[in-house]
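As a plain string of letters, each chain reads:
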Amino acid sequence: MDIGKNLVLPCLFFCVFFLTQAQQLPVKYSFGEKYNDRYKYSNLLEISDDGMGGSILVRSYYTGIILKPKGYYIEHYNKDLELIGEFNYKLKGLDFVNAFVKNGQLNILFLDYNLGKGSYDYVVHRSPLDHFNFSQETILSIPSQQVNEPMDHNYYRRNFSSGFTTTAFLNEDKSAFAISTHFKRGKEEKHFVYLFNSSLNKLMEYDFSSEIEEKNYAFENIVTSKDLSQLYLVGKAYYKKKRFAATERKFQYEMLKVTKYGAGIQTFDDPGKFSEALKPIIVNDKLICVGFYADRKDNRYNGLAYFELDRNSLVIKERKYNAFSQQFMADKFGREDDTEIKNLVFKNISVTKDNSILFNAEEYFVTSSVQQDPTGSRIKIERFHYNDIVSAKLNSEGDIIWARNINKSEVTQGDGAYASYSSCTSGDNTYYLISTAAENPQLLSGERLVFKQGLSRNRNVFMIQLDKEGKIRYEKVIDDHEARLPLMVSMPLIDKENGNMLYYAKRGSKKQLVKVEINTP
């Protein structure tokens, strides 16, 4: 293993237990040792359980006067947050897809353009964890011309005219992953869906091309049966030839079911009800989609949607539309006139012991502007906005129990891992972790919690609890004087069984792990 010189001395492990009499929330946290890092500029791509209580992190790093990607840096930590292995995988020119650990080996899935064959290849780079030594295996090859952005998975700006676009999704327990490929060659247009297990065996292949004559499909979420015999994909189906008003949306949500024996499709919209941001889940053998809906064909969200489908035929057995209450609207807007809720992206979903469904989503959108750089050239600047959190609870029949809004506003031009939030459920409670320069949020009348931006370079870490009744409590759990390195708060490794969240903290040439533990009685 390539272990840096800074690891020769025994690692110090610093724990702070935050369970004093003044503490309201059942949480404790611990800091790992701070380590030096040779790559100041990098992005965390994946953090995974190593199967032994530790963690594996994969980062892309950048060097040079004009920063360019140079490779991937891999870090291995044990259960005590000690860095026990590092490896610099000098690899360029590939698109990272995802990474996962299986049977003591790290698997990194890349998309590579093969000039010799004229194809896009999905290639897995695999290495044992105890001694990094990567081998390669091509699991899928799609003939195509090379395009600028082959990995085109985002929520609001899909490009189907480039000639090739592909997306890949891991299921929740990382036992399988689905790949969707859409490509054109002359007048020929094809769309295929594949399912592989984590041992890299192809379980299914389905030619979806007959369905794309009228619509282009941009899948967003998947769920699989436990035995991996059924794959369900949910996403937007964009109409190709219909004309729309400028304010109308140009898509509808659909579900695609794929098995070895065939496939089926289900749509969700009803007259005057348009589904938004749907996410599939299997609860006690029931196939359910939860999300939001709008009363008209624009970006306004009016409430929560619930659908129960037959797992074989996809017939909708139950559908419910729960309008947002006046209390919720007061939580979100107070007395403001603008009551538009839009662009919600799912972050987390879980099921309680009584089969109630807890889920949360975030308002997300992208803005752009044109600026001049130091040379006088005009460049396009994109800003990524991570705004309010919407959290809700439905009972086992799909009726709303409560919905709450947490007001916040974050914007970044750089690494989005430091923005947004993370969440974890423990019992009937949902916990949120937010990193902010603000010293204190405001809890206004009507359970309205507001986070305003602060000016400090350091970041406070707040925990918010929503109990089974939807009541809000919050507390600053890590002070900015203690958390000297900012947490990548939106990319934790979550241990749902034990209520733990592990975070990577980094600034410049310093890095460490931070563990947050929820101890619900």
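Residues numbered from 1 in each chain as written. Predicted model: local features only at pLDDT ≥ 70, side-chain atom pairs only at ≥ 80, totals over all residues. Heavy atoms only, no water.

## Describing the overall build of the protein chain
- In terms of helices and strands, the protein chain carries 1 helix and 37 strands.
- With 521 residues in all, the protein chain has 54% of them scored as buried.
- Of the roughly 24100 Å² of accessible surface on the protein chain, a fraction of 46% belongs to carbon and sulfur atoms. (Helix = DSSP H or I, 4+ residues; strand = E, 2+ residues; numbered from the N terminus. Buried < 20%, exposed > 50% of the residue type's maximum accessible area, 1.4 Å probe, protein only. Areas by Shrake-Rupley, 256 points an atom, 1.4 Å probe, with all protein chains shown as cover.)

## Details of the nonpolar core
- Within the largest apolar cluster, 22 residues are counted, with the highest numbers of intra-cluster contacts made by I288, V290, F292, L304, F324, I357 and F359.
- Of all the elements in the fold, those that place two or more residues in this core are β20 (274-283), β21 (286-294), β22 (303-309), α1 (326-333), β24 (344-351), β25 (357-372) and β26 (378-394).
- Sequence-distant contacts of I357, defined by excluding residues within four places in its chain, comprise I288, V290, Y306, I349, S350, A392, K393 and L394. (Core = buried A, V, L, I, M, F, W, Y, C linked by side-chain atoms within 4.5 Å. Contact = heavy atoms within 4.5 Å.)

## Regarding the sheet that holds strand β29 (residues 422-426)
- Pairing is antiparallel across the open sheet formed by 4 strands, whose spatial order is β29-β30-β33-β34. The sheet terminates laterally at β29 and β34 (472-478), the two strands that pair on one side only. Direction aside, neighbouring strands of the sheet carry axes that sit 25° apart on average.
- As defined by bridge partners, strand β30 (residues 429-436) adjoins strand β33 (residues 460-466) across 7 bridges and the pair is classed as antiparallel. From the neighbouring strand, T430 faces β33, where its bridge partner is L466. (Pairing = 2+ DSSP bridges. Axes fitted to C-alpha atoms, helices over the stretch in contact; angles between N-to-C directions.)

## What about the side chain of R404?
- Note that R404 resides in strand β27 (residues 400-407).
- One polar contact links the side chain of R404 to the main-chain carbonyl oxygen of G470, over a distance of 3.2 Å. (Polar contact = N/O pair within 3.5 Å; in protein donor to acceptor, adjacent residues only side chain to side chain.)

## Some details on the environment of D467
- With respect to the helices, strands and loops of the structure, D467 is situated in the loop between β33 and β34.
- For the pair D467 and S426, spaced 41 residues apart in sequence, the C-alpha separation works out to 9.8 Å.
- Those residues in contact with D467, other than ones at most four positions away along the chain, are W402, D428 and N429.
- A distance of 2.8 Å separates a polar side-chain atom of D467 from the backbone nitrogen of E469.

## Structural notes on unusual backbone geometry
- Not every positive phi belongs to a glycine, and A277 is a case in point at roughly 50°.
- You can call A277 buried: its relative accessible area is 5%.
- At D285, a position not held by glycine, the phi torsion is positive, near 75°.
- Turning to its location among the elements, D285 is positioned in the loop between β20 and β21.

## Quick notes on the pattern of salt bridges
- The full count for this structure, using the stated rule, is 24 salt bridges.
- Where K511 meets E86, a salt bridge forms, and the shortest distance between an N and an O atom there is 3.0 Å. On the criterion of sequence distance, the pair formed by K511 in strand β37 (residues 510-518) and E86 in strand β7 (residues 83-89) is long-range, its members being 425 residues apart.
- Looking at E86, the relative accessible area reads 3%, which means it is buried.
- A salt bridge links R311 to D285, with the shortest nitrogen-to-oxygen separation between them at 2.4 Å. In this pair, R311 is assigned in the loop between β22 and β23 (316-323) and D285 in the loop between β20 and β21, connecting sequence segments 26 residues apart.
- Several salt bridges converge on common partners, so that one network encompasses D37, R59, E75, E86, K506 and K511. (Salt bridge = Lys/Arg side-chain N within 4 Å of Asp/Glu carboxyl O.)

## Side note on the environment of I265
- For I265, the location among the structural elements is in strand β19 (residues 262-267).
- The exposure class of I265 is partly exposed, given its relative accessible area of 31%.
- What I265 contacts, discounting residues up to four positions off in sequence, is F208, E211, Y217, E254, M255, L256 and L314.

## Side note on the packing of aromatic side chains
- A full pass over the atoms with the stated rule returns 32 aromatic pairs.
- Each ring, one from F100 and one from F177, has its centre 6.1 Å from the other, and the planes form 40°; the classification is tilted. Residue F100 is located in strand β8 (residues 95-102), and its partner F177 is located in strand β13 (residues 176-185); the two are separated by 77 residues in the primary sequence.
- A relative accessible area of 2% means that F100 is categorised as buried. (Phe/Tyr/Trp six-rings, centres within 6.5 Å; stacked < 30°, edge-to-face > 60°.)

## Section: the sheet that holds strand β18 (residues 251-259)
- The 4 strands lie next to each other as β16-β17-β18-β19, forming an open sheet whose pairing is antiparallel. A strand with exactly one partner marks an edge of an open sheet, and here the two such strands are β16 (215-224) and β19. Looking at each pair of strands side by side, their axes are set apart by 25° on average, direction ignored.
- Sheet topology places strand β17 (residues 231-239) next to β18; 8 bridges connect them, and they run antiparallel.

## Quick notes on the pairing of strand β14 (residues 188-197)
- Within β14, 7 of the 10 residues are buried, which leaves it mostly tucked inside the rest of the structure.
- Across 10 bridges, β13 lies against β14 in antiparallel orientation. Bridge assignment links R185 to a residue of β14, and that residue is E188.
- Connecting the antiparallel pair β13 and β14 is a turn made up of 2 residues, with G186 showing a positive phi of about 65°.
- The antiparallel pairing of β14 with strand β15 (residues 202-207) creates a hairpin that spans 4 residues between the two strands, and L200 there sits at a positive phi of about 75°.

## Comments concerning the side chain of K408
- Take K408: it is sitting in the loop between β27 and β28 (410-412).
- On the basis of relative accessible area, K408 is assigned to the buried category, the value being 5%.
- Separated by 3.1 Å, the side chain of K408 and the backbone oxygen of N387 make a polar contact.
- For K408, the side chain forms a polar contact with the side chain of E410, separated by 2.8 Å.
- Excluding residues within four positions of it along the chain, K408 makes contact with E362, Y386, N387, D388, I389, S420, Y421, I434 and F451.

Shape is all these values report; function is a separate question.
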